Amino acid sequence: MAETEVEAVEERGAISVLCRKTWRGLKSFAGHHRKLTATLILIAGIVWYVMAPIWHPVMLTTWLYAGWAALLTTPFVIATLSFALFRKVGENGSLVRKFFRRVFGKLAVAFSLIFLVLAIGGFTPWGLEFRHFAGLYLRFQELPIVGLEILPITREERLQPLRSVWTQALEGTHETESPGQPRFVRIGKDYRWTLPVAPTYPWQKIFGAINGIYNVSGTALSPSFLKDSREKVVFDVGEELLFAKNTHTCVLRGLSWFKYWTYQPSDVIYLKDDEGKWVQVVSLIHWDGFPVPLPKFGGVVVIEQREDSILSFFERLFLGCGKHIPASQIGKYPYLRGQNILPTAVSRHIAESFRFRAGWSGPLWGNHEKDIRIPDLPVDGNDLPFGVVFSGIPA
């Protein structure tokens with residue numbers, strides 16, 4: 001009996017036997033402790049949902065590279081299965097079958113090794129760079145490019161660089177607070193710089209809130225950051241706050257299961273809605289396509305002001321926050337029209353795709369015909385590209 005079990009283990013493999021025994025043990029435990037098992041499953045589900053923002057980068061990365069991995073490994077799998085098929089065909093048969101096995105079996109092995117090298121190489125820096133180039137080329141092919149006969153004239157010029165605006169805001173802020181990222185937004189017919197005022201210390205970021213917003217002229221030579229430029233607000237979430245109070249974390253919890261895999265919160269801006277109330281507008285990146293997902297505009301999530309309370313805590317923890325407005329419905333909201341709500345990553349990807357104006361060979365080494373590149377200067381405080389306002393261009 002013992003010899004039979006040893007032979008069975010050797011035939012099926014030690015790992016297979018270990019998996020079978022583990023599964024039988026878990027199944028037996030669940031059968032004898034049903035209430036405890038149900039409780040553990042419920043707790044695991046709650047922990048998974050509450051910790052969803054932590055798993056999101058892993059899930060998103062899985063989606064981004066799953067198609068690329070499938071594209072690279074499929075030829076290797078086909079070649080390997082072909083070799084196994086040829087080997088089985090030629091075991092017992094005529095000379096023709098044996099010749100078929102020798103020739104095509106060796107070819108299958110050769111192709112299998114070649115595709116294996118390509119699959120491994122696809123996840124090297126050079127392979128990932130090729131994937132990035134492929135995404136840019138596909139993105140350029142989708143763009144509805146329209147030629148302009150006359151170059152448009154800019155208006156509402158933003159004269160101050162981002163770093164200068166942030167530094168001036170910091171000088172007028174108390175030491176326990178710090179200004180957030182400046183955003184150039186439209187409020188009514190005026191274009192303004194808006195900056196949230198967030199707590200500085202970690203415990204304040206955990207238990208505090210966003211209680212103020214700087215609202216200064218975006219076209220002035222020297223914006224004023226006096227007391228009258230700061231408006232009082234009450235946001236229980238913010239981009240600078242931590243854990244459940246973080247805007248990105250709260251938005252992720254409000255996404256559906258499908259959007260959880262393919263959507264990503266991006267820029268957070270503060271502006272006034274059609275009723276004159278301050279709101280947070282979070283732009284979303286939608287990673288669309290397969291096997292190389294492309295970053296596209298996925299609409300926005302609008303978060304209204306509310307006081308921090310026990311009820312809001314449980315809402316943030318289990319339901320998330322904000323109202324999702326798809327990209328197709330942005331035009332229905334006047335305060336969102338003409339705003340620079342396109343995520344920075346999306347606009348960057350579109351701008352970089354113009355490297356392929358001369359076709360797929362445009363950006364290749366030794367060519368660079370019509371190759372447009374975005375300069376990245378270490379001393380530049382402005383993320384490129386950034387939005388500008390043109391005359392005669394409808395919002």
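Treat the numbers as computed from the prediction; the structure is a model and nothing was measured.

In terms of regular secondary structure, the protein is built from twelve helices and eleven strands. With 395 residues in all, the protein has 35% of them scored as buried. For the protein, restricting intrachain contacts to residue pairs at least 6 apart in sequence, the fraction spanning at least 24 positions comes to 59%. With the model as given, the accessible surface of the protein reaches about 24400 Å², and the carbon-plus-sulfur share is 65%.

With respect to the helices and strands, the residue T247 is situated in helix α9 (residues 247–253). From its side chain, T247 meets the backbone nitrogen of E239 in a polar contact 3.2 Å long. In this structure, T247 is in contact with V237, G238, E239, V268, Q280, V282 and I303, ignoring residues within four places of it in sequence.

Scanning the entire structure with this criterion turns up 13 salt bridges. As a salt-bridge pair, E142 and K296 come within 3.1 Å of each other at their nearest N and O atoms. Within this pair, whereas E142 is found in helix α6 (residues 125–142), its partner K296 is found in strand β9 (residues 294–304), the two being separated by 154 residues in sequence. The structure contains a network of salt bridges with shared partners spanning D236, K245, R306, D308, E315 and R316.

On to the state of the cysteines, then. Within this structure, the stated rule accounts for one disulfide. Here C250 is linked by a disulfide to C321, with a sulfur-sulfur distance of 2.2 Å. With C250 in helix α9 and C321 in the loop between α11 (310–318) and β10 (323–325), this pair connects stretches of sequence that are 71 residues apart. Judged by its relative accessible area of 0%, C250 is buried.

Glancing now at the pairing of strand β3 (residues 183–187). Across the five residues of β3, five count as buried, placing the element largely inside the fold. With burial as the criterion, each face of β3 is covered, one bearing R183, V185 and I187 and the other bearing F184 and R186. Where β3 meets strand β4 (residues 190–199), five bridges bridge the pair, whose relative direction is antiparallel. Across the sheet, residue I187 finds its bridge partner in β4, namely D190. Between β3 and β4, which pair antiparallel and follow one another directly, the connecting turn spans two residues, one of which, G188, has a positive phi of 70 degrees.

Glancing now at α6. In a regular helix each residue adds 1.5 Å, so 18 residues correspond to 26 Å; α6 covers 26 Å between its end C-alpha atoms and thus fits that length. Listed as buried for α6 are G127, R131, F133, G135, L136, R139 and F140.

For the rest of this paragraph, the subject is the packing of aromatic side chains. On inspection of all chains with the given rule, the structure shows 15 aromatic pairs. Members of the aromatic cluster, each reached through a chain of ring pairs, are F133, Y137 and F356. In this structure, R131 packs its charged tip against the face of Y65, placed 4.4 Å from the ring centre. When the ring centre of Y263 is taken as reference, the NZ or CZ atom of K259 above it lies at 5.9 Å.

As a further point, take the nonpolar core. Core analysis: the biggest nonpolar cluster contains 33 residues, and V281 and V300 have the highest contact counts within it. When contributions to this core are tallied by element, the ones reaching two or more residues are β3, β5 (210–217), β6 (230–235), α9, β7 (263–272), β8 (278–288) and β9. Within the second largest apolar cluster, twelve residues are counted, among which are L162, F184, V197 and V216.

Looking at where T249 falls in the secondary structure, it is placed in helix α9. Ignoring sequence-local partners within four residues, the contact set of T249 consists of P53 and F243.

With an omega dihedral of 10 degrees, the bond running from F290 to P291 counts as a cis peptide bond. Phi is positive for E156, close to 50 degrees, though the residue is something other than glycine. Relative to the helices and strands, E156 resides in the loop between β1 (154–155) and α7 (162–171).

Let us now look at the confidence of the model for the protein. With 87% of its residues at a pLDDT of at least 70, the protein reaches an overall mean of 83. Scored below 50 in pLDDT, residues 6–11 makes two contacts in the model with residues more than four places away or belonging to other chains.

Before going further, it helps to examine α7. Taken residue by residue, α7 has L162, V165 and A169 as its buried positions. Across the axial projection of α7, the buried residues extend over an arc of 70 degrees, all falling on one side. α7 presents R163 and E171 as exposed residues on the side facing more than 90 degrees away from its buried surface. Structurally, α7 contributes buried residues whose contacts are with β2 (177–179), β4 and β5.

The rules we used
- Residues numbered from 1 in each chain as written.
- Predicted model: local features only at pLDDT ≥ 70, side-chain atom pairs only at ≥ 80, totals over all residues.
- Heavy atoms only, no water.
- Helix = DSSP H or I, 4+ residues; strand = E, 2+ residues; numbered from the N terminus.
- Buried < 20%, exposed > 50% of the residue type's maximum accessible area, 1.4 Å probe, protein only.
- Contact = heavy atoms within 4.5 Å.
- Areas by Shrake-Rupley, 256 points an atom, 1.4 Å probe, with all protein chains shown as cover.
- Polar contact = N/O pair within 3.5 Å; in protein donor to acceptor, adjacent residues only side chain to side chain.
- Salt bridge = Lys/Arg side-chain N within 4 Å of Asp/Glu carboxyl O.
- Disulfide = S-S within 2.5 Å.
- Pairing = 2+ DSSP bridges.
- Expected span 1.5 Å × (residues − 1).
- Phe/Tyr/Trp six-rings, centres within 6.5 Å; stacked < 30°, edge-to-face > 60°.
- Lys NZ or Arg CZ within 6 Å of the ring centre and 35° of its normal.
- Core = buried A, V, L, I, M, F, W, Y, C linked by side-chain atoms within 4.5 Å.
- pLDDT = per-residue confidence, 0-100.
- Arc of directions from axis to C-beta.

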